[in-house]
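This is what each chain is made of:
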Amino acid sequence: MVTYPEGWKCDTITNIADITTGCRDTQDNKVNGRYPFFVRSPLVERIDVADFDCEAVLTAGDGVGTGKVFHYINGKFAAHQRVYVMSNFQDVDGKYFYYYFSNNFGKEVEKYTAKSSVDSVRRDMIAEMEFPYPPLPEQKEIVQALLDFDEHIDNLTELIEKKKAIRDGALEDLVSGRTRLKGFDGEWEEVELGEVSNIRDGTHGTFKRTNAGHYLLSAKNVFNNKLIITDDESKVSDYDFEQITSNGFPKIGDILMSCVGTIGRCCICDIDGVAFQRSVAFIRSQSLYNHFLLYVLQGASVQSQLLSSMNASAQGGIYLGALKKIILRIPVDIEEQQAIAEVLTVMDEEIEALEIERAKMIQIREGAMDDLLTGRVRLKV
């Protein structure tokens, strides 16, 4: 049980805020409407009528956003009939309430169910929730501290998106030959992917999963420039791994491509001793600079060919025969391939560093929020 500092109050939400719901249906939305329209998702719609004009905190009453979707607004808006609206705060800063409620309500609703997710929210789940709060001046200091974190995170996010847009433009210019790097003016040629690389896919078989052993990964693990493996991934025994990989398996440095479902995501394999399901192809080139090939495969020309070569199965995918026929346009000079790859790698490393900084800042913010909203850390007023 949390012990709050002297001078803090602890009440239930019903005593410090009005709790109601909206009155609109989803179909009431209007593209480019005059006012925000809060529905049961993170996406805010628009509408031409406003049922509220106040400072408010909102949360989804049911659907996939239950206990996860929160909004803050100060002004005119409308809300779905299954969205809860909390307003008219008494001795409480609305933004402070937003921070506390959004950080703690998910834990509160878990008390009412034994399942891993909550189907719906009843009014009393909100009304009876405990709400601790310091005097109003300290609330405002806490809000400002958290707003500073949010602003820094938003700025990093905006910078990352700008860097990605620049990188994507540079990739298209460089791998297509529209832009040539200084010192290179040699010929480019068209080749089939199968002519310049060996291509195999993962196992088509079914194997018993184990708690220990070798990872058995699939297309869901392959993202552009990242192979993501979590602790709960499927594993197979040493014996089954030998059976799966008897005809070869990816080595560190090979290119992995998702070829079922969301096809065309590519990364470099950076782990040894793993096996893949049929939804992943691994590509090993002896004649091209590997990182250059990675970027060519991510380019618009190859991605367009992959989409047009998809089979008509339920999941959608590309067969190895079609993958081998993909046309690449490449510089004959391998030094130009290396130079192009180096430019794009520097861009990717800069973006990755920014993403790491943002992730660290989010983690710090979460810790600061927990400390400030419980009074473990006090701010001078």
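Placed above this text is the structure.
Residues numbered from 1 in each chain as written. Predicted model: local features only at pLDDT ≥ 70, side-chain atom pairs only at ≥ 80, totals over all residues. Heavy atoms only, no water.

Let us now look at the pattern of salt bridges. Scanning the model with the defined rule gives 21 salt bridges in all. Between Glu336 and Arg180 there is a salt bridge, with its nearest N and O atoms 2.8 Å apart. Placement of Glu336 in helix H9 (residues 334–374) and of Arg180 in the loop between helix H3 (136–176) and strand S9 (188–192) is noted, with a sequence separation of 156 residues between them. (Salt bridge = Lys/Arg side-chain N within 4 Å of Asp/Glu carboxyl O. Helix = DSSP H or I, 4+ residues; strand = E, 2+ residues; numbered from the N terminus.)

Time to look at the pairing of strand S18 (residues 280–284). Across the 5 residues of S18, 4 count as buried, placing the element largely inside the fold. Where strand S10 (residues 198–201) lies against S18, 4 bridges are found, and the strand directions are antiparallel. What sits directly across from Asn198, in S18, is Arg284. Where strand S15 (residues 255–258) meets S18, 4 bridges bridge the pair, whose relative direction is antiparallel. If you follow Ser258 over to S18, its bridge partner there is Val280. (Buried < 20%, exposed > 50% of the residue type's maximum accessible area, 1.4 Å probe, protein only. Pairing = 2+ DSSP bridges.)

All right, on to the side chain of Glu355 then. Structurally, the position occupied by Glu355 is in helix H9. Accessibility expressed as a relative area gives 17% for Glu355, which makes it buried. Contact partners of Glu355, with chain neighbours within four places excluded, come to Ile160, Lys164 and Lys226. (Contact = heavy atoms within 4.5 Å.)

Of the voids in this model, the largest pocket is the one considered here, and its volume is about 730 Å³. Considering the residues around the largest pocket, the lining is formed by 24 residues, among which Arg167, Asn224, Asn225, Lys226 and Asp348 are closest to the centre. Looking at the lining of the largest pocket, the elements with two or more residues in it are H3, strand S13 (226–227), strand S16 (266–268), helix H6 (290–298) and H9. In terms of residues, the lining of the largest pocket owes the most to one element, H9, which gives 6 residues. Considered class by class, the residues forming the lining of the largest pocket number 9 nonpolar, 5 polar and 10 charged. As a volume, the second largest pocket reaches approximately 230 Å³. Lining the second largest pocket are 13 residues, with Tyr4, Tyr100, Asn104, Glu108 and Glu130 sitting closest to its centre. (1 Å grid on protein atoms, 1.4 Å probe; cavity = no way out; pocket = protein on both sides within 12 Å on 5 of 7 lines; lining within 4 Å. Points joined across faces, edges and corners; volume = space filled by probe spheres on them. Nonpolar A, V, L, I, M, F, W, Y, C, P; charged D, E, K, R; others polar.)

As a further point, take the sheet that holds strand S14 (residues 235–236). Strands sit in the order S14-S11-S17 across an open sheet of 3 strands; the sheet is mixed. For this open sheet the edge positions go to S14 and strand S17 (275–276), each flanked by a neighbour on one side alone. Across 2 bridges, the pairing between strand S11 (residues 214–217) and S14 is antiparallel. Within S14, the residue paired with Tyr215 across the bridge is Lys235.

Turning next to the environment of Asn311. Within the secondary structure layout, Asn311 lies in the loop between helix H7 (300–308) and helix H8 (320–324). As for Asn311 and Asp18, which are separated by 293 residues in sequence, their C-alpha atoms are 55 Å apart. Excluding its chain neighbours within four sequence positions, the residues that come into contact with Asn311 are Gly316, Gly317, Ile318 and Tyr319.

The subject of this paragraph is helix H1 (residues 94–109). Here H1 spans 21 Å end to end across 16 residues, near enough to the 22 Å set by a 1.5 Å rise per residue. Considering bend angle alone, the principal kink of H1 is centred on Asn103 and spans about 35 degrees. In terms of residue burial, H1 counts as a mostly covered element, since 12 of its 16 residues are buried. Burial in H1 covers these residues: Gly94, Lys95, Tyr96, Phe97, Tyr98, Tyr99, Tyr100, Phe101, Asn104, Phe105, Glu108 and Val109. Between the side-chain oxygen at the start of H1 and the backbone nitrogen of Lys95 there is a gap of 2.9 Å, and the oxygen is on Asp93. (Expected span 1.5 Å × (residues − 1). Bend = angle between axes of the 7 residues up to and from the residue. Polar contact = N/O pair within 3.5 Å; in protein donor to acceptor, adjacent residues only side chain to side chain.)

This next bit is on the packing of H6 against H7. Between H6 and H7, whose axes approach to 5 Å, the crossing angle comes to 60 degrees. As summarised for this structure, H6 and H7 are arranged oblique, according to the angle between their axes. In contact with Val296, Leu297 and Gln298 of H6, H7 contributes Ala300, Val302 and Gln303. Here the contact of H6 with H7 is composed, by residue class, of 4 nonpolar, 2 polar and no charged. (Axes fitted to C-alpha atoms, helices over the stretch in contact; angles between N-to-C directions. Parallel < 35°, antiparallel > 145°, perpendicular 65-115°, else oblique.)

With that settled, the discussion passes to the nonpolar core. Formed by 34 residues in total, the largest nonpolar core has its most connected members in Leu193, Leu297, Leu323 and Leu328. Ranked by the residues each element gives to this core, the list is headed by H6, at 6 residues. Setting aside anything within four residues of it in sequence, one finds Leu297 in contact with Leu193, Ile255, Met257, Cys266, Ile283, Val302, Gln303 and Leu328. Residues Phe101, Val109, Leu146 and Leu373 belong to the second largest nonpolar core, which totals 32 residues. (Core = buried A, V, L, I, M, F, W, Y, C linked by side-chain atoms within 4.5 Å.)

A positive phi angle, close to 60 degrees, is found at Asp91, a residue other than glycine. Locating Asp91 in the fold gives a position in the loop between strand S7 (83–87) and H1. Of note, the phi angle at Asn225 is positive, near 70 degrees, even though the residue is not glycine. Here Asn225 is to be found in the loop between strand S12 (222–223) and S13.

Note: strands within a sheet are paired through backbone hydrogen bonds, in either parallel or antiparallel orientation. The strand order across the open sheet built from 4 strands is S10-S18-S15-S16, with neighbouring strands paired in antiparallel fashion. Lying at the two open borders of the sheet, with one neighbouring strand each, are S10 and S16. Neighbour-to-neighbour, the strand axes of the sheet open up by a mean angle of 25 degrees, direction not taken into account. Against the sheet, H6 makes contact with S15, S16 and S18, and its axis sits at roughly 165 degrees relative to S16, the strand it touches most.

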